[in-house]
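An overview of the molecular structure
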Amino acid sequence: MKPPAPVYKFDERLREIPESKAAYDAYLSHLEKQLAIETRPAEKASLLGDLGVQLRCDNRLDEAETALREALKIITTDRLGTRRQVQQNLRLANVLQWQGKFDESTPLFDETLATCRGIAEALPYLDFALHHSGKNLFDQGKWADALKRFEEALTIRKRREAPADQIQSTEQAISETKKRLLVPRK
């Protein structure tokens, strides 16, 4: 039986913190077991993507990067579509961001944003691309640019009546960003 995905809260750096370490560990164990037996490309790529997210949240960044690059390889090889490509690109860009590889994360976020704006199949990921690319800018201290992305993401999320947790995370990102804009840089 599949355990529920862990619930996260966000710290002042806008990074996910699992509310329950036990729930996180159970979910991670489940993903690893499923991945070991899965043979269907789409399902394997999905599991690898979810695993990459969970490993990132546990700060196991090299393992997360490996899992996400493997997911992207499967998506490309098996031509699993733009939506899957966009989803995993966002996840990989997050890992690169957390690793401080902004020279890689920023272009990947920008490319993914362009895809979301230009290809109808990817449009449902636009608010995610805006929100997460905003976090990438936030981590670089580019708060005014981050704020613009967060505000655009929030507008889209409210318009599409996104789940409350997505709206709340973007509102928190806006609040944290505004705090930094009000404090002079040293």
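Up top is the structure.
All values reported here derive from a predicted model rather than from experimental measurement.

A word on the side chain of lysine 135
Note that lysine 135 resides in helix α6 (residues 126–139). In contact with lysine 135, not counting residues within four places along its chain, are Phe10, Leu14, Glu16, Gln97 and Phe150.

Focus on unusual backbone geometry
Glycine aside, residues mostly have negative phi angles, and peptide bonds mostly take the trans form. In this structure, leucine 14 is a non-glycine residue whose phi angle is positive, near 70 degrees. Relative to the helices and strands, leucine 14 is located in the loop between β1 (8–10) and β2 (16–18). Of note, the phi angle at glutamate 161 is positive, near 55 degrees, even though the residue is not glycine. Its location among the elements puts glutamate 161 in the loop between α7 (143–159) and α8 (164–182).

Focus: the nonpolar core
Membership of the largest hydrophobic core comes to 41 residues, with the highest contact counts inside it found for Leu51 and Cys116. Among the elements of the structure, α1 (21–37), α2 (41–57), α3 (61–77), α4 (82–98), α5 (102–118), α6 and α7 are those that each provide at least two residues to this core. If we skip the residues at most four places from it in the chain, cysteine 116 touches Val86, Ala122, Leu123, Tyr125, Leu126 and Ala129.

Looking at the packing of α1 against α2
For any two helices packed against each other, the geometry comes down to the angle between their axes and how far apart the axes lie. Look at α1 against α2: their axes get within 10 Å of each other, and the N-to-C directions meet at 150 degrees. Between α1 and α2, the crossing angle belongs to the class labelled roughly antiparallel. As α1 runs across α2, the sense of the crossing is left-handed. Contacts between α1 and α2 pair Tyr24, Tyr27, Leu28, Leu31, Glu32, Gln34 and Leu35 from the former with Lys44, Leu47, Leu48, Asp50, Leu51, Gln54 and Leu55 from the latter. In terms of residue class, the contact of α1 with α2 is built from nine nonpolar, two polar and three charged.

Looking at the packing of α6 against α8
Here α6 crosses α8 at 30 degrees, and the two axes come no closer than 11 Å. Taken together, the axes of α6 and α8 are roughly parallel relative to one another. The two elements α6 and α8 cross, and the hand of that crossing is left-handed. In this structure, α6 uses Asp127, Phe128, His131 and Phe138 to contact α8, whose residues at the interface are Gln166, Ser169, Thr170, Ala173, Glu176, Thr177 and Arg180. When grouped by side-chain class, the residues that make up the contact of α6 with α8 number three nonpolar, five polar and three charged.

Points about α6
The end-to-end C-alpha separation of α6 is 20 Å, in line with the 20 Å expected for 14 residues at 1.5 Å each. Counting buried positions along α6 yields 12 of 14 residues, so the element is predominantly enclosed. Leu126, Asp127, Ala129, Leu130, His131, His132, Ser133, Gly134, Lys135, Asn136, Leu137 and Phe138 are the residues of α6 that are buried. Buried-residue contacts for α6 involve β1, β2, α4, α5, α7 and α8.

Reading the values: rules and limits
Residues numbered from 1 in each chain as written. Predicted model: local features only at pLDDT ≥ 70, side-chain atom pairs only at ≥ 80, totals over all residues. Heavy atoms only, no water. Helix = DSSP H or I, 4+ residues; strand = E, 2+ residues; numbered from the N terminus. Contact = heavy atoms within 4.5 Å. Core = buried A, V, L, I, M, F, W, Y, C linked by side-chain atoms within 4.5 Å. Buried < 20%, exposed > 50% of the residue type's maximum accessible area, 1.4 Å probe, protein only. Axes fitted to C-alpha atoms, helices over the stretch in contact; angles between N-to-C directions. Parallel < 35°, antiparallel > 145°, perpendicular 65-115°, else oblique. Left-handed = near helix turned anticlockwise from the far one by under 90°. Nonpolar A, V, L, I, M, F, W, Y, C, P; charged D, E, K, R; others polar. Expected span 1.5 Å × (residues − 1).

Function-wise, these values are silent; they only describe arrangement.
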